Amino acid sequence: MKLENKVALITGASMGIGHSTAVLFAREGAKVAVNSQSTRGQAVVDQIKASGGESIFVQGKVEDPKSAQAMVDKTVEAFGRLDILFNNAGIVLPGRVDNTTVEDFDRMVAVNVRGVFLVSKFAAQQMLKQGGGVIIHNASIAAVKGLKERLGYSASKGAVWAMTKAMAIDYIRDNIRVNCINPGTTLTPSLEERIAAFDDPQAARQNFIDRQPIGRLGKPEEIAAAVLHLASDEAAFTTGQTLNVDGGLTI
């Protein structure tokens, strides 16, 4: 029960890493606010409640200021405080600098950067009122390593990586820890969809596996376990850091 009596808000929690983290946090004693832009997040709430946990669904788009503030407000309304924010929501659209459309670039920046900024802004305001908290950003190894045809995604995740450092030093004396997790290629429903869209899905899947030195893709549960560590009091002396959970991709 590493998160007993803690309250967590997880964005983009309807599937993949967000889903696994929400379920794990609840199992470890946290009250969990599950966010997604679609209604799919309600199923995660139902799953948590069926296992005896406490959870609410807060639908909304992280890149919208009113939605971002409502996520935090509804979490505090329901549970009285906000101890942990996991900025997990994000999108990836492929492309190089010469063929990435302006619309795709702007969309990734809106969700991956503006969304992190907005939800963090309102979460930090609440954490300052209550005397502390933990913020964890889900970036990507694309923030620190060149990946083919991921120009816009890499730029957006690089911004999240930099924001981690800036926020950590800004709040280091306010008992608010800010850290970042950089997953390697993880087998999520989102990745499954992208693999299925290739002309040769089997070859595409093997290419994703081949770029992982460990010889396999990551599991959402493995990323969630790392997020749990950063969220827990075990990491009380850790702030401004980036944890690469990447199967050796950045070695």
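Residues numbered from 1 in each chain as written. Predicted model: local features only at pLDDT ≥ 70, side-chain atom pairs only at ≥ 80, totals over all residues. Heavy atoms only, no water.

> Is there a simple way to explain the overall build of the chain in this structure?
Counting its regular elements, the chain contains eight helices and seven strands. For 251 residues, the compact-globule estimate of 2.2 N^0.38 gives 18 Å, and the C-alpha radius of gyration of the chain, at 17 Å, lies within 12% of that figure. Projected onto the principal axes, the alpha-carbon positions of the chain cover approximately 50 × 40 × 35 Å. A buried classification covers 51% of the 251 residues belonging to the chain. If you take every contact in the chain between residues at least 6 apart in sequence, the share linking residues at least 24 apart comes to 71%. For the chain, the accessible area works out to roughly 11,800 Å², and carbon and sulfur atoms hold 52% of it. Seen as two clouds, the 27 positive and the 26 negative side-chain charges of the chain have centres 3 Å apart. (Helix = DSSP H or I, 4+ residues; strand = E, 2+ residues; numbered from the N terminus. Rg over C-alpha atoms; globule rule 2.2 N^0.38 Å. Buried < 20%, exposed > 50% of the residue type's maximum accessible area, 1.4 Å probe, protein only. Contact = heavy atoms within 4.5 Å. Areas by Shrake-Rupley, 256 points an atom, 1.4 Å probe, with all protein chains shown as cover. Lys, Arg positive; Asp, Glu negative; His and termini not counted. Charge placed at Lys NZ, Arg CZ, Asp CG, Glu CD.)

> Got a minute to help me understand the packing of aromatic side chains in this structure?
Under the definition given, this model contains one aromatic pair. Relative to Phe-208, the ring of Phe-198 has its centre 6.4 Å away and its plane inclined at 80°; by these criteria the two rings are edge-to-face. Within this pair, whereas Phe-198 is found in the loop between α6 (189–196) and α7 (201–210), its partner Phe-208 is found in helix α7, the two being separated by ten residues in sequence. On the basis of relative accessible area, Phe-198 is assigned to the partly exposed category, the value being 42%. Residue class for Phe-208 comes out buried when judged on its relative accessible area of 7%. (Phe/Tyr/Trp six-rings, centres within 6.5 Å; stacked < 30°, edge-to-face > 60°.)

> What is the right way to look at the pairing of strand β1 (residues 7–10) in this model?
Both faces of the sheet carry side chains from a regular strand, because those side chains alternate between them. Residues Val-7 and Leu-9 line one face of β1 and the alternating positions Ala-8 and Ile-10 line the opposite face, and both faces are buried. Of the strand pairs in this sheet, β1 and strand β2 (residues 31–36) are connected by four bridges, and their pairing is parallel. Each bridged residue has a counterpart across the sheet, and for Leu-9 the counterpart in β2 is Ala-33. Read from β1 through helix α1 (residues 16–27) to β2, the crossover connection turns out right-handed. Relative to strand β4 (residues 84–87), β1 is paired through three bridges, and the arrangement is parallel. Its bridge partner being in β4, Ala-8 is matched across the sheet by Ile-84. (Pairing = 2+ DSSP bridges. Right-handed = clockwise from strand over helix to strand, strands pointing away.)

> Would you explain the layout of surface pockets in this entry?
Empty space among the atoms becomes visible once a probe the size of a water molecule is rolled across them. Each pocket or cavity is described by its volume, and for the largest pocket that value is around 1,000 Å³. If you trace the largest pocket, you find 42 residues lining it, with Asn-88, Gly-90, Ile-91, Val-92 and Ser-190 closest to the centre. Elements that contribute at least two residues to the lining of the largest pocket include exactly α1, β2, α4 (102–130), α5 (151–170) and α6. A per-element tally of the lining of the largest pocket places α6 first, with four residues. Here the residues of the lining of the largest pocket are counted per class, giving 15 nonpolar, 18 polar and nine charged. (1 Å grid on protein atoms, 1.4 Å probe; cavity = no way out; pocket = protein on both sides within 12 Å on 5 of 7 lines; lining within 4 Å. Points joined across faces, edges and corners; volume = space filled by probe spheres on them. Nonpolar A, V, L, I, M, F, W, Y, C, P; charged D, E, K, R; others polar.)

> Explain the sheet that holds β4 to me, please; I cannot follow it from the model alone.
The strands making up a sheet associate through backbone hydrogen bonding, with each pair oriented either parallel or antiparallel. With respect to topology, seven strands assemble into an open sheet ordered β3-β2-β1-β4-β5-β6-β7, the strand pairing being parallel. Of all the strands in the sheet, the pair left with one neighbour each is β3 (55–59) and β7 (242–245). The average undirected angle you get between the axes of adjacent strands in this sheet is 20°. Sheet topology note: the strand β5 (residues 133–138)/strand β6 (residues 176–183) ladder contains six bridges and is parallel. Directly across from Val-134, in β6, lies its bridge partner Arg-177. (Axes fitted to C-alpha atoms, helices over the stretch in contact; angles between N-to-C directions.)

> Would you mind going over the environment of Arg-40 with me for this structure?
Mapped onto the secondary structure, Arg-40 falls in the loop between β2 and α2 (41–50). When the C-alpha positions of Arg-40 and Gly-12 are compared, they lie 10.0 Å apart, and in sequence the two are 28 residues distant. When sequence neighbours within four positions are dropped, the list of residues in contact with Arg-40 reads Ser-14 and Met-15.

> Would you take a moment to explain the nonpolar core for this structure?
What tends to happen in soluble globular proteins is that the nonpolar side chains get buried as a cluster. Core analysis: the biggest nonpolar cluster contains 27 residues, and Phe-25, Val-32 and Val-34 have the highest contact counts within it. Taken together, the elements giving at least two residues each to this core come down to β1, α1, β2, α2, β4, β5 and α8 (220–231). For this core, the element with the most residues is α8, which contributes seven residues. With residues up to four places along the chain from it excluded, the contact list for Val-32 reads Ala-8, Ile-10, Ala-22, Phe-25, Ala-26, Ile-48, Glu-54, Ser-55, Ile-56 and Phe-79. Membership of the second largest hydrophobic core comes to 22 residues, among which are Ala-68, Val-76, Val-111 and Ala-123. (Core = buried A, V, L, I, M, F, W, Y, C linked by side-chain atoms within 4.5 Å.)

> Got a minute to help me understand the pairing of β4 in this structure?
Side-chain alternation along β4 places Ile-84 and Phe-86 on one buried face and Leu-85 and Asn-87 on a second face that is also buried. Strand direction decides the pairing type here: β4 and β5, joined by four bridges, are parallel. Looking across to β5, one finds that Leu-85 is bridged to Ile-135. Tracing the backbone out of β4, into α4 and back to the parallel element β5 gives a crossover that is right-handed.

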